[in-house]
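What follows is each chain in one-letter form.
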Amino acid sequence: MSSNLITNYFTSKNTSKKRPRLEETNEDKDTIITKNKKRVFYDTDKNQQRLDFGQRNIGPVYCRACDTMYEQTNPEDVKAHEKYHNRHTTLDSFKVTLKQINNWKKLHLFKEYDGKLFFHIKKSSRSTLINKIEEILKNTLNNELGNEVKNPWGTKISREGYAYIHKVSDKIFFIGGISFVEYLKEAKNCSNKVVAKGNFLGLYFIWIHPLIRRRKIGTELLDVIREIHIPSINFTKRHILIDHSTEDFKNFISSYTNMHISEILLFTAL
């Protein structure tokens, strides 16, 4: 019989009676199964189980940084959140008036030079400056300073505060620096823990407004504190104490006192 019959082109050359095996191949996330030259696709992507029409951008959003909830589709709410979130970097919460400053000068010891004004604040004095400082610490710097602002005056009457007033113009002033210190008579070395006796100033914290940082304001504030805290006592830079604070704070004090971090003096008790 001739091998060139047209029917031979439709005759299978596979003499086995077994059914042909399915060919399986994996390509990325889809499985392709071939059977009788028909391709069937099985989607194995389990990531998207529903259609997204933008509902992720609808509804309230919680900001962990400033601990507030706002509606992201409400422009006024978004603007209010941005203002509150960045409250410690703007001037709104820190502005004071010339009238307030003149009143505070009657109630507090202060030092003024080159347009810079520093107030020495005692908790026992009745002044709106105390209220202003406490309000700033509680509502504006609470996230930045953390636990340090919960009770800035401490439990003893010996802890006192300082405020630096920055002058922008003849009509614009704001609180640009805050610090709390305490007069102590002993300190311990950071490395060997040896306790020393003498006259020391315990620095609980010092804060400078972000808009005027890197202008030596912190250095000037500490210089004023050493000078006017107890005028009859000469506090040198090396008589500044700190607690077990952040590395940035230690580096600042190390630079100010010209002492290695291992030589810095610490509180004997907190």
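Named according to an unreviewed UniProt entry, the protein chain is N-acetyltransferase ESCO1 originating from Parastrongyloides trichosuri. A UniProt comment under Sequence similarities (unreviewed entry) is attached to the protein chain, and it reads "Belongs to the acetyltransferase family. ECO subfamily." The heading Subcellular location (unreviewed entry) in the UniProt record of the protein chain holds the text "Nucleus".

Asker: Even after reading the chapter, I still don't get the overall build of the protein chain, so can you show me in this structure?
Answerer: In terms of regular secondary structure, the protein chain is built from 6 helices and 13 strands. By the burial criterion, 35% of the 270 residues in the protein chain qualify as buried. Long-range pairs, those at least 24 residues apart, make up 51% of the contacts in the protein chain between residues at least 6 apart in sequence. Total accessible area on the protein chain is roughly 18500 Å²; 50% of this is exposed by carbon and sulfur atoms.

Asker: Would you explain the side chain of E220 in this entry?
Answerer: Structurally, E220 is set in helix α5 (residues 217–228). Polar contacts involving the side chain of E220 include one to the side chain of Y113, which spans 2.6 Å. Beyond its immediate stretch of four places on either side in the chain, E220 contacts Y113, K116, F118 and R215.

Asker: Would you explain the environment of H120 in this entry?
Answerer: Tracing the chain through its elements places H120 in strand β8 (residues 116–121). Remark: the alpha-carbon pair of H120 and G161, spanning 41 residues in sequence, is separated by 6.1 Å. At 3.5 Å, the side chain of H120 and the side chain of Y162 are in polar contact.

Asker: Is there a simple way to think about the pairing of strand β9 (residues 159–167) in this case?
Answerer: The side chains of a regular strand alternate, residue by residue, between the two faces of the sheet. Counted residue by residue, β9 has 8 buried out of 9 residues, so it is predominantly covered. Pairing of β8 with β9 involves 5 bridges; the strand directions are antiparallel. Each residue of the ladder has a partner; that of L117, found in β9, is I165. Note that β9 and strand β10 (residues 173–189) share 9 bridges and pair antiparallel. Residue R159 lies in a different strand from β10, and its bridge partner there is E182. Hairpin remark: β9 followed by β10, antiparallel, with 5 residues in the connecting loop.

Asker: In this structure, what is going on with the pairing of β8? I would like to understand it.
Answerer: In terms of burial, β8 is largely enclosed, as 5 of its 6 residues are buried. Sheet topology places strand β7 (residues 109–113) next to β8; 5 bridges connect them, and they run antiparallel. Residue pairing for β8: L109 is matched across the bridge by H120. Counting the residues between successive antiparallel strands, the hairpin from β7 to β8 contains 2 residues, one of them, D114, with a positive phi of roughly 50°.

Asker: Got a minute to help me understand the environment of F252 in this structure?
Answerer: When you line up the elements, F252 lands in helix α6 (residues 247–257). As for F252 and T219, which are separated by 33 residues in sequence, their C-alpha atoms are 9.2 Å apart. What F252 contacts, discounting residues up to four positions off in sequence, is I206, G218, T219 and L222.

Asker: How do you make sense of the packing of aromatic side chains when you look at a structure like this?
Answerer: The geometry of an aromatic ring pair is captured by the separation of the ring centres together with the interplanar angle, meaning the angle of the planes. Considering all chains together, one arrives at 9 aromatic pairs under this definition. Both rings, one in F94 and one in W207, keep their centres 5.3 Å apart while their planes meet at 15°; by these two values the pair is stacked. Taken as a pair, F94 in the loop between α1 (75–85) and β6 (95–96) and W207 in strand β11 (residues 195–208) lie far apart in primary sequence, 113 residues in all. The pair F94 / W207 is uniform in exposure class, with both members buried. Relative to F205, the ring of F180 lies with its centre 5.6 Å away and its plane at 40°, an arrangement referred to as tilted. Here the residue F180 occupies a position in strand β10, and F205 occupies one in strand β11, the gap between them amounting to 25 residues. On the basis of relative accessible area, F180 is assigned to the buried category, the value being 1%. Chaining the aromatic ring pairs together yields one cluster made of W104, F110 and F119. Across the ring face of Y204, the terminal group of R159 is positioned such that the distance to the ring centre comes to 3.5 Å. Across the ring face of Y256, the terminal group of K237 is positioned such that the distance to the ring centre comes to 4.9 Å.

Each value, and the rule that gives it
- Residues numbered from 1 in each chain as written.
- Predicted model: local features only at pLDDT ≥ 70, side-chain atom pairs only at ≥ 80, totals over all residues.
- Heavy atoms only, no water.
- UniProt positions renumbered as here; feature names shortened; annotations may be inferred.
- Helix = DSSP H or I, 4+ residues; strand = E, 2+ residues; numbered from the N terminus.
- Buried < 20%, exposed > 50% of the residue type's maximum accessible area, 1.4 Å probe, protein only.
- Contact = heavy atoms within 4.5 Å.
- Areas by Shrake-Rupley, 256 points an atom, 1.4 Å probe, with all protein chains shown as cover.
- Polar contact = N/O pair within 3.5 Å; in protein donor to acceptor, adjacent residues only side chain to side chain.
- Pairing = 2+ DSSP bridges.
- Phe/Tyr/Trp six-rings, centres within 6.5 Å; stacked < 30°, edge-to-face > 60°.
- Lys NZ or Arg CZ within 6 Å of the ring centre and 35° of its normal.

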